[in-house]
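Here are the chains, one letter per residue:
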Amino acid sequence: MCLPEKPLVLSAPPSARVGKREIVRSIQQMFRSSYLDSPIAMSLMWTLSIVYQAAQSLSTALDSSKEWISKDRRRQAPMQVPPLPFPLA
């Protein structure tokens, strides 16, 4: 859903081999062939911003500690009662 007071953000994957100009041209062509009024399409184009996602680095691909930490927290041991002190008698 596109709200007029918020910018229109298009996120492109890091593997996209297309420049921002080509993306803008294809979006303009899409708006021309759609049933949107030209003032609405023009305002959407003014608020459009294209963002490329960061490529996944090797360290984040190999870091699996987040997965087992979340699994470990789900299997927490039940609360244990501390042992009672021995009588000094």
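Preceding this paragraph is the structure being described.
Thresholds applied
- Residues numbered from 1 in each chain as written.
- Predicted model: local features only at pLDDT ≥ 70, side-chain atom pairs only at ≥ 80, totals over all residues.
- Heavy atoms only, no water.
- Axes fitted to C-alpha atoms, helices over the stretch in contact; angles between N-to-C directions.
- Helix = DSSP H or I, 4+ residues; strand = E, 2+ residues; numbered from the N terminus.
- Parallel < 35°, antiparallel > 145°, perpendicular 65-115°, else oblique.
- Left-handed = near helix turned anticlockwise from the far one by under 90°.
- Contact = heavy atoms within 4.5 Å.
- Nonpolar A, V, L, I, M, F, W, Y, C, P; charged D, E, K, R; others polar.
- Core = buried A, V, L, I, M, F, W, Y, C linked by side-chain atoms within 4.5 Å.
- Buried < 20%, exposed > 50% of the residue type's maximum accessible area, 1.4 Å probe, protein only.
- Arc of directions from axis to C-beta.

Some points on the packing of helix 1 (residues 20–33) against helix 2 (residues 38–47)
Between helix 1 and helix 2, whose axes approach to 10 Å, the crossing angle comes to 160 degrees. Relative to helix 2, helix 1 is oriented roughly antiparallel. Read as a crossing pair, helix 1 and helix 2 show a hand that is right-handed. Where helix 1 abuts helix 2, its residues Val 24, Ile 27, Gln 28 and Phe 31 lie against Ala 41, Leu 44 and Met 45. Broken down by class, the residue content of the contact of helix 1 with helix 2 amounts to 6 nonpolar, 1 polar and no charged.

Section: the nonpolar core
Counting residues in each nonpolar core, the largest one holds 8 residues, listed as Ile 23, Ile 27, Phe 31, Ala 41, Leu 44, Met 45, Leu 48 and Ile 50. Of all the secondary-structure elements, those providing two or more residues to this core are helix 1, helix 2 and strand 2 (48–52). Excluding residues within four positions of it along the chain, Leu 48 makes contact with Leu 8, Leu 10, Val 24 and Ile 27.

Remarks on helix 2
Among all positions in helix 2, only Ala 41, Leu 44 and Met 45 are buried. All buried residues of helix 2 project into a common sector of 100 degrees when viewed along the axis, lining one side. Those residues of helix 2 that are exposed and aimed more than 90 degrees away from the buried face are Pro 39 and Trp 46. In this structure, the buried residues of helix 2 make contact with strand 1 (8–12), helix 1 and strand 2.

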